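# Summary of the model geometry
As a plain string of letters, each chain reads:
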Amino acid sequence: MTVFLYIRSMIKYRIHLAEMGEASPTAVIEELYCKDGDIVEKDQTVMDVDTDKATLEVPSPIGGKIDFVVRVGQELKVGELLFFIHADVTFEVGDQVRCVDLTMLSDADIKPPLMLNQEYPVKGIVVDSKGNQHLDVGLESKYNYIRSLETQEELDQGEKIHWCHPSRFIKV
């Protein structure tokens, strides 16, 4: 029996305009410091956004290939998509991860709700019936068609499932 203790995958991350404290709920893209297809490093400033109170730098939360969905002069609301990062990522059991994406989740999907910028421990790796790998971060999901990678057995319909798609997280 093979035991999987990690995921290694090319992941397409969605990076959104974050809340800016007490600043305005909107911002204008002031400058882009790289172009589509460039390779950026973690924490590299990739753009500036201008609010009614200040100009703020926006860093990439992870290294990888960047694809912008915004243009200079565009006005955005908090939560709108800024860019994608395509990154080759490995997650292992025991890693600490931080949530960077809450899109396409409803409150009914995960209990307690996943929190943006919250850190979670990777407790295990699970795979769904289609072969997609997910991280067990200790949250209860409504889905029950997951099988354990350690036992390769389908989980019972009544079991609690604790998983999230890896594109929602970066390593801390």
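Above: the structure in question.
The rules behind the values
- Residues numbered from 1 in each chain as written.
- Predicted model: local features only at pLDDT ≥ 70, side-chain atom pairs only at ≥ 80, totals over all residues.
- Heavy atoms only, no water.
- Pairing = 2+ DSSP bridges.
- Helix = DSSP H or I, 4+ residues; strand = E, 2+ residues; numbered from the N terminus.
- Buried < 20%, exposed > 50% of the residue type's maximum accessible area, 1.4 Å probe, protein only.
- Contact = heavy atoms within 4.5 Å.
- Salt bridge = Lys/Arg side-chain N within 4 Å of Asp/Glu carboxyl O.
- Polar contact = N/O pair within 3.5 Å; in protein donor to acceptor, adjacent residues only side chain to side chain.
- Axes fitted to C-alpha atoms, helices over the stretch in contact; angles between N-to-C directions.
- Phe/Tyr/Trp six-rings, centres within 6.5 Å; stacked < 30°, edge-to-face > 60°.

## Here's the deal with the sheet that holds strand 8 (residues 81-92)
- Taken together, 4 strands build an open sheet; the order of strands is 1-8-6-3 and the sheet is antiparallel. Both outer strands of the open sheet, strand 1 (6-16) and strand 3 (39-40), are each paired with one neighbouring strand and no more.

## Some words on the environment of Glu-92
- With respect to the helices and strands, Glu-92 occurs in strand 8.
- The partly exposed category is assigned to Glu-92, whose relative accessible area is 40%.
- Linking Glu-92 and Arg-8, residues 84 residues apart in sequence, is a C-alpha distance of 8.8 Å.
- Setting aside anything within four residues of it in sequence, one finds Glu-92 in contact with Leu-5, Tyr-6, Val-122 and Lys-171.

## Describing the pattern of salt bridges
- Going through the model one piece at a time under the given rule, you end up with 3 salt bridges.
- When the shortest N-O distance is used, the salt bridge between Lys-171 and Asp-95 registers 3.5 Å. Residue Lys-171 is found in strand 16 (residues 169-171), and its partner Asp-95 is found in the loop between strand 8 and strand 9 (96-99); the two are separated by 76 residues along the sequence.
- Lys-171 sits in the partly exposed class, given a relative accessible area of 34%.

## A short note on the side chain of Thr-51
- As for its position among the elements, Thr-51 is in the loop between strand 4 (45-50) and strand 5 (55-59).
- Here the side chain of Thr-51 touches Lys-53 through a polar contact of 3.1 Å, landing on its backbone nitrogen.

## Structural notes on the sheet that holds strand 11 (residues 119-121)
- A sheet is described by the order of its strands in space; here 3 strands give the open sequence 11-9-16, paired in antiparallel fashion. Two strands close off the open sheet at either side, each with one partner strand: strand 11 and strand 16. Sheet twist, expressed as the average angle between the axes of neighbouring strands with direction ignored, equals 40°.
- One ladder, built from 3 bridges, connects strand 9 with strand 11; its direction is antiparallel. For Arg-98, the partnering residue across the bridge sits in strand 11 and is Glu-119.

## Remarks on the environment of Ala-18
- Locating Ala-18 in the fold gives a position in the loop between strand 1 and strand 2 (26-32).
- Between the C-alpha atom of Ala-18 and that of Leu-82, which follows or precedes it by 64 residues, the distance is 9.7 Å.

## Side note on unusual backbone geometry
- Positive phi values are uncommon outside glycine, yet Asp-43 reaches one of about 70°.
- Looking at where Asp-43 falls in the secondary structure, it is placed in the loop between strand 3 and strand 4.
- Judged by relative accessible area, which is 53%, Asp-43 ranks as exposed.

## As for the packing of aromatic side chains
- The full count for this structure, using the stated rule, is 2 aromatic pairs.
- Centroid distance Phe-68 to Phe-83: 5.9 Å. Interplanar angle 65°. Geometry classified as edge-to-face. On the criterion of sequence distance, the pair formed by Phe-68 in strand 6 (residues 64-68) and Phe-83 in strand 8 is long-range, its members being 15 residues apart.
- We classify Phe-68 as buried; its relative accessible area is 11%.
- Measuring from ring centre to ring centre gives 6.1 Å for Tyr-120 and Phe-169, while their planes differ by 80°; the resulting arrangement is edge-to-face. Taken together, the residues Tyr-120 in strand 11 and Phe-169 in strand 16 connect sequence positions 49 residues apart.

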